[in-house]
Amino acid sequence: MKKTVLFILLFFNLFINAQINQNDTIPKNKNVKFKYDALIIPSVLIGFGFVGLESHSIKDLNSDTKNELGEHIDEKITIDDFSQYLPFVSVYALNAAGIKGKNNFKDRTIILATSYLIMGGTVNLVKMTGNEMRPDGTSNNSFPSGHTATAFMGAEFLYQEYKDVSVWYGITGYVVATGTGLFRMYNNRHWLTDVSAGAGIGILSTKIAYWLHPIIKRHIFKDSDKLSGVIVPTYNGGKIGMGMAIRF
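Undergrad: Explanation requested: the environment of valine 91 in the structure shown.
TA: Counting through the fold element by element, valine 91 comes out in helix H5 (residues 86–96). Judged by relative accessible area, valine 91 falls into the buried class, the value being 0%. Apart from residues lying up to four places away in sequence, valine 91 is in contact with Arg108, Phe157, Leu158, Glu161 and Tyr162.

Undergrad: What should I look at first to understand the packing of aromatic side chains in this one?
TA: Given two aromatic rings, one states the distance between the centres and the angle between the planes to describe the pair. Counted under the stated rule, the structure contains 7 aromatic pairs. On the basis of an interplanar angle of 75 degrees and a centroid distance of 5.7 Å, the ring pair of tyrosine 92 and phenylalanine 105 is categorised as edge-to-face. Of this pair, tyrosine 92 sits in helix H5 while phenylalanine 105 sits in helix H6 (residues 105–129), placing them 13 residues apart in sequence. A relative accessible area of 14% means that tyrosine 92 is categorised as buried. The class for phenylalanine 105 is partly exposed, based on a relative accessible area of 24%.

Undergrad: Got a minute to help me understand the packing of H6 against helix H9 (residues 192–219) in this structure?
TA: The angle between the axes and the distance between the axes are what describe a pair of packed helices. One can describe the packing of H6 onto H9 by two numbers: an axis separation of 8 Å at closest approach and a directional angle of 130 degrees. With respect to each other, H6 and H9 are oriented oblique. Crossing geometry of H6 relative to H9 is assigned as right-handed. Of the residues in H9, those touching H6 at Asp107, Ile110, Ile111, Thr114, Ser115, Ile118, Met119, Thr122 and Val123 are Ile201, Gly202, Ser205, Thr206, Ile208, Ala209, Tyr210, Leu212, His213, Ile216 and Lys217.

Undergrad: In this structure, what is going on with the side chain of asparagine 62? I would like to understand it.
TA: Within the fold, asparagine 62 resides in helix H3 (residues 56–70). Not counting residues up to four positions away in its chain, the partners in contact with asparagine 62 are Trp191, Leu192 and Thr193.

Undergrad: Even after reading the chapter, I still don't get the nonpolar core, so can you show me in this structure?
TA: Note on soluble globular proteins: their nonpolar side chains tend to be buried together. Counting residues in each nonpolar core, the largest one holds 19 residues, and the members touching the most others are Phe88, Val91, Leu112, Met119 and Phe157. For this core, the secondary-structure elements that each account for two or more residues are H5, H6, helix H7 (146–162) and H9. Here the element with the most residues in this core is H7; it accounts for 5 residues. Judged by nonpolar contacts, the second largest core, of 10 residues, contains Leu45, Ala155, Ala199 and Ile203.

Undergrad: Honestly, empty space enclosed by the protein in this entry has me stumped. Any pointers?
TA: To find leftover empty space, a probe the size of one water molecule is rolled over the atoms. Per the stated rule, a full pass over the model turns up 1 cavity of 30 Å³ or more. Volume-wise, the largest cavity comes out at about 50 Å³. Around the largest cavity, the lining residues are Asn62, Thr65, Lys66, Leu69, Pro135, Met185, Asn188, His190, Trp191 and Leu192. Sort the elements by how many residues they give to the lining of the largest cavity and H3 lands first, with 4 residues. Its residues assigned to classes, the lining of the largest cavity comprises 5 nonpolar, 4 polar and 1 charged.

Undergrad: Please clarify how H7 should be interpreted in this entry.
TA: Given 3.6 residues per turn, any residue in an α-helix points the same way as the ones three and four places further on. Across its 17 residues, H7 extends 24 Å between first and last C-alpha, which sits within 8% of the 24 Å expected from 1.5 Å per residue. Most of H7 sits out of view: 17 of its 17 residues are buried.

Conventions we followed
- Residues numbered from 1 in each chain as written.
- Predicted model: local features only at pLDDT ≥ 70, side-chain atom pairs only at ≥ 80, totals over all residues.
- Heavy atoms only, no water.
- Helix = DSSP H or I, 4+ residues; strand = E, 2+ residues; numbered from the N terminus.
- Buried < 20%, exposed > 50% of the residue type's maximum accessible area, 1.4 Å probe, protein only.
- Contact = heavy atoms within 4.5 Å.
- Phe/Tyr/Trp six-rings, centres within 6.5 Å; stacked < 30°, edge-to-face > 60°.
- Axes fitted to C-alpha atoms, helices over the stretch in contact; angles between N-to-C directions.
- Parallel < 35°, antiparallel > 145°, perpendicular 65-115°, else oblique.
- Left-handed = near helix turned anticlockwise from the far one by under 90°.
- Core = buried A, V, L, I, M, F, W, Y, C linked by side-chain atoms within 4.5 Å.
- 1 Å grid on protein atoms, 1.4 Å probe; cavity = no way out; pocket = protein on both sides within 12 Å on 5 of 7 lines; lining within 4 Å.
- Points joined across faces, edges and corners; volume = space filled by probe spheres on them.
- Nonpolar A, V, L, I, M, F, W, Y, C, P; charged D, E, K, R; others polar.
- Expected span 1.5 Å × (residues − 1).

So, to be careful, I would describe these as geometric facts and stop short of saying anything about function.
Okay, structure coming up:
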């Protein structure tokens with residue numbers, strides 16, 4: 001168990017330090033250069049996940065992590081069904097509380113919707129074309145972790161919106177996202193590689209959404225001066241989700 005915890009803590013420390021030193025903001029004009037260094041962290045996470053599908057040594061790490069966590073499981077804790085949404089919902093909660101972030105409701109909602117479409121489309125496509133059995137043996141769509149992807153998408157969204165106010169908002173979001181990934185493994189629903197790839201996809205989806213935002217706003221929402229909407233939790237047959245309704 002100690003090896004797994006040390007591995008996760010070391011990676012999380014390196015990840016947070018990189019995020020604090022990063023400055024990949026929304027491009028102000030079309031001449032802004034694409035920041036390739038912002039792709040390093042999510043690419044490493046995604047790469048680790050995909051390599052782990054074939055690498056025997058990484059598969060052994062998956063099994064060791066599963067066994068170590070299994071030794072300490074008394075009962076499942078389904079907090080990850082809620083925590084996956086907490087980072088991006090926090091952006092709207094903070095704005096409602098009067099703590100303004102980088103963008104207004106319209107712009108941040110466009111960015112969030114773009115992020116969610118990229119993330120959800122990617123995760124579902126890989127799940128449908130893959131054949132990775134879950135640790136609990138219930139289905140063969142384990143790779144990548146959708147819960148983790150959602151959480152890290154929201155964490156990067158929270159970080160981008162509030163890093164100029166206080167970097168600690170973003171760090172808190174990443175703590176929650178990391179916890180979500182850990183609980184997915186703790187609950188025997190995902191392998192370490194599933195969580196790693198999901199985290200990378202989530203982060204990358206939000207970064208791409210910010211880079212695409214000026215183009216999307218200019219060509220799709222150029223005549224929409226006002227945008228309103230609501231985000232509500234959903235519950236259907238024991239499954240918890242989040243719904244978004246946008247009017248423009």
